[in-house]
Amino acid sequence: MTAEPALTSLPVTVVVPTRNEEANLDACLSRLGAFAEVWVVDSRSTDDTRAIADRYGARWIDFDWSGDFPKKRNWVLANHEPSTPWVLFLDADERVTEPFIAELREALPKEPDTQVGGFWLNYNNHFMGHVLRHGVPQRKLALFRVGAGQYERIDDRRWSNLDMEVHEHPVLDGTIGEIAAPIDHLDYRGIDHYLARHNAYASWEAKRYADLMTRGDAAWAALTPRQRTKYRNLARWWFAPGYFVGTYFLKLGFLDGGAGFHHAFLKMLYFYEIRLKIIGARRTD
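Values in this document were obtained by computation on a predicted structure and should not be read as measured data. (Residues numbered from 1 in each chain as written. Predicted model: local features only at pLDDT ≥ 70, side-chain atom pairs only at ≥ 80, totals over all residues. Heavy atoms only, no water.)

Caption draft 1: Local environment of a nonpolar patch on the surface. A contiguous nonpolar patch, built from Val-245, Phe-249, Leu-250, Leu-252, Phe-254 and Leu-255 and spanning about 580 Å² of accessible area, is present on the exposed surface. With respect to the helices and strands, Leu-255 occurs in the loop between helix 8 (239–250) and helix 9 (257–284). Since its relative accessible area comes to 49%, Leu-255 is described here as partly exposed. (Patch = residues over 30% accessible without salt bridge, like charges linked within 9 Å, V, L, I, M, F, W, Y side chains within 5 Å. Areas by Shrake-Rupley, 256 points an atom, 1.4 Å probe, with all protein chains shown as cover. Salt bridge = Lys/Arg side-chain N within 4 Å of Asp/Glu carboxyl O. Helix = DSSP H or I, 4+ residues; strand = E, 2+ residues; numbered from the N terminus. Buried < 20%, exposed > 50% of the residue type's maximum accessible area, 1.4 Å probe, protein only.)

What follows is the structure in C-alpha cells.
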C-alpha cells in the first residue's frame, strides 16, 4: 500500500493581532498547523497571551501605537515583510476550518501571479452559543498577496483607543477572488466585552462621520458604494431601526431564534449609539 504524500505548508503568513487574548488565542493558533508562518502582533498584553503564542511556536512582535497612522496591520506590513507570497489577517476570536484550508489550498495560484490581489473570506458568526445562519453575512477581504496593497489610510487622530484597523478596507492591485468555505468567528470573552468593544467602535464611527462631513468630494469618492450609503444616512433617525428590520425580517434573522433577535437588536442599538454620539458632538461644537 502506497503512503499518501504529505501536504506541503500553505504559502501564507497568518498574522494574529492581539491584546489580552488569552481566552481566545489557544483555539485560534491550534488550527494553524497547515500554514507556513504564524505571527502574533501584540499590543502589550498583560495576561497569558505571550505564553500561549510561545507554546505554538508563533513569532512574537511587539507593537506600540503612536496615535497616528499607521495602525497595527499597516505597520506590520511596512516593517515586517513576510517571506511567503500571501498574508492572512486572522483575529484571535476566529478559527480556520478544515473545509476552508482545503479550498484555500486549491484556490491559491500554483505559480506567482500578480494578477490576483486577494480573496474575500466568509465567516460563521457564533453569538450567545448559536451559529447565526441568517441576517447580514460577515465577509472580509483579509487574505491578500504581499505587496498588493495595504489597508486604506484614514487620518484617525486617536478617535478611540482602537490600535488596529477595524473599519478600514484593504486597497489592492489585481483581481479579487473568494473563498466560500467559512471561518468560525467565536469570541469567548462574553457579552460585557462585546458591548464595550462596540461602544469603542461607535465612538470611532461618530468621529469619522464628522471628519467626512468636513471633506470634499474626493474623500467621498474614495469610499465604496456601501460606505457612502452608510455615512450619508448614519445620523438619520430611521437608519438604526431600518437596519433591524432589514437584518431580522428581510434577511430572515428571526429564523436564528433568540440569538438572532439579540444580535439584530444589539446591532440596532449600536447604530443608534453612533447617531447619539454624532448629535452630542454637534451640540458641543
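Now, onward.
Caption draft 2: Expanded view of empty space enclosed by the protein. Inspection of the entire model under this criterion finds 1 cavity of 30 Å³ or more. Roughly 50 Å³ of internal volume is contained in the largest cavity. Of the residues in the lining of the largest cavity, the class split is 3 nonpolar, 1 polar and 6 charged. (1 Å grid on protein atoms, 1.4 Å probe; cavity = no way out; pocket = protein on both sides within 12 Å on 5 of 7 lines; lining within 4 Å. Points joined across faces, edges and corners; volume = space filled by probe spheres on them. Nonpolar A, V, L, I, M, F, W, Y, C, P; charged D, E, K, R; others polar.)

Caption draft 3: Structural context of the side chain of His-167. By the secondary structure assignment, His-167 is in the loop between strand 9 (149–151) and strand 10 (170–172). A distance of 3.3 Å separates a polar atom in the side chain of His-167 from a polar atom in the side chain of Glu-205. (Polar contact = N/O pair within 3.5 Å; in protein donor to acceptor, adjacent residues only side chain to side chain.)

Caption draft 4: A look at the layout of surface pockets. Of the pockets and cavities examined, the second largest pocket occupies roughly 330 Å³. Of all the secondary-structure elements, those providing two or more residues to the lining of the second largest pocket are strand 1 (10–18) and helix 4 (98–107). Here the lining of the second largest pocket is built from residues that sort into 9 nonpolar, 3 polar and 5 charged.

Caption draft 5: Structural view of the pattern of salt bridges. The full count for this structure, using the stated rule, is 21 salt bridges. When the shortest N-O distance is used, the salt bridge between Asp-155 and Arg-153 registers 3.3 Å. Classification of Asp-155 by relative accessible area gives partly exposed; the value is 34%. According to the relative accessible area criterion, Arg-153 is exposed, its value standing at 56%.

Caption draft 6: Highlighting helix 7 (residues 225–233). Along helix 7, the residues that are buried comprise Gln-227, Tyr-231 and Asn-233. Residues of helix 7 that are buried in the fold lie against helix 5 (190–213), helix 6 (217–221) and helix 8. (Contact = heavy atoms within 4.5 Å.)

Caption draft 7: Region of the structure containing the nonpolar core. Ranked by size, the top nonpolar core spans 34 residues in total, and within it Val-12, Leu-32, Phe-35, Phe-100 and Leu-121 carry the most contacts. What Leu-121 contacts, discounting residues up to four positions off in sequence, is Leu-88, Phe-100, Gln-138, Arg-139, Lys-140, Ala-142, Leu-143, Ile-179 and Ile-183. Judged by nonpolar contacts, the second largest core, of 26 residues, contains Leu-162, Ala-219, Phe-239 and Tyr-270. (Core = buried A, V, L, I, M, F, W, Y, C linked by side-chain atoms within 4.5 Å.)

Caption draft 8: A look at the side chain of Thr-18. Residue placement: Thr-18 occurs in strand 1. Of the residues examined, Thr-18 reaches a relative accessible area of 2% and is grouped as buried. One polar contact links Thr-18 to Asp-42, side chain to side chain, over a distance of 2.6 Å. With residues up to four places along the chain from it excluded, the contact list for Thr-18 reads Leu-25, Val-40, Val-41, Asp-42, Ser-43, Ser-45, Thr-49, Lys-72 and Ala-92.

Caption draft 9: Structural context of the environment of Ala-222. In this structure, Ala-222 sits in the loop between helix 6 and helix 7. Measuring from C-alpha to C-alpha, the distance between Ala-222 and Ala-53 comes to 37 Å, with 169 residues separating the pair along the chain.

Caption draft 10: Main features of unusual backbone geometry. With an omega of 5 degrees, the peptide bond running from Phe-69 to Pro-70 counts as cis. Its identity as a non-glycine residue notwithstanding, Arg-158 has a phi of 50 degrees, on the positive side. Structurally, Arg-158 can be placed in the loop between strand 9 and strand 10.

Caption draft 11: Structural view of the environment of Asn-233. Along the chain, the position of Asn-233 falls in helix 7. On a C-alpha basis, the gap between Asn-233 and Arg-275 in space is 9.7 Å, while along the polypeptide they are 42 residues apart. When neighbours within four sequence positions are excluded, Asn-233 is seen to be in contact with Trp-238 and Phe-239. Within the structure, Asn-233 has its side chain in polar contact with the side chain of Arg-236 (distance 3.0 Å).

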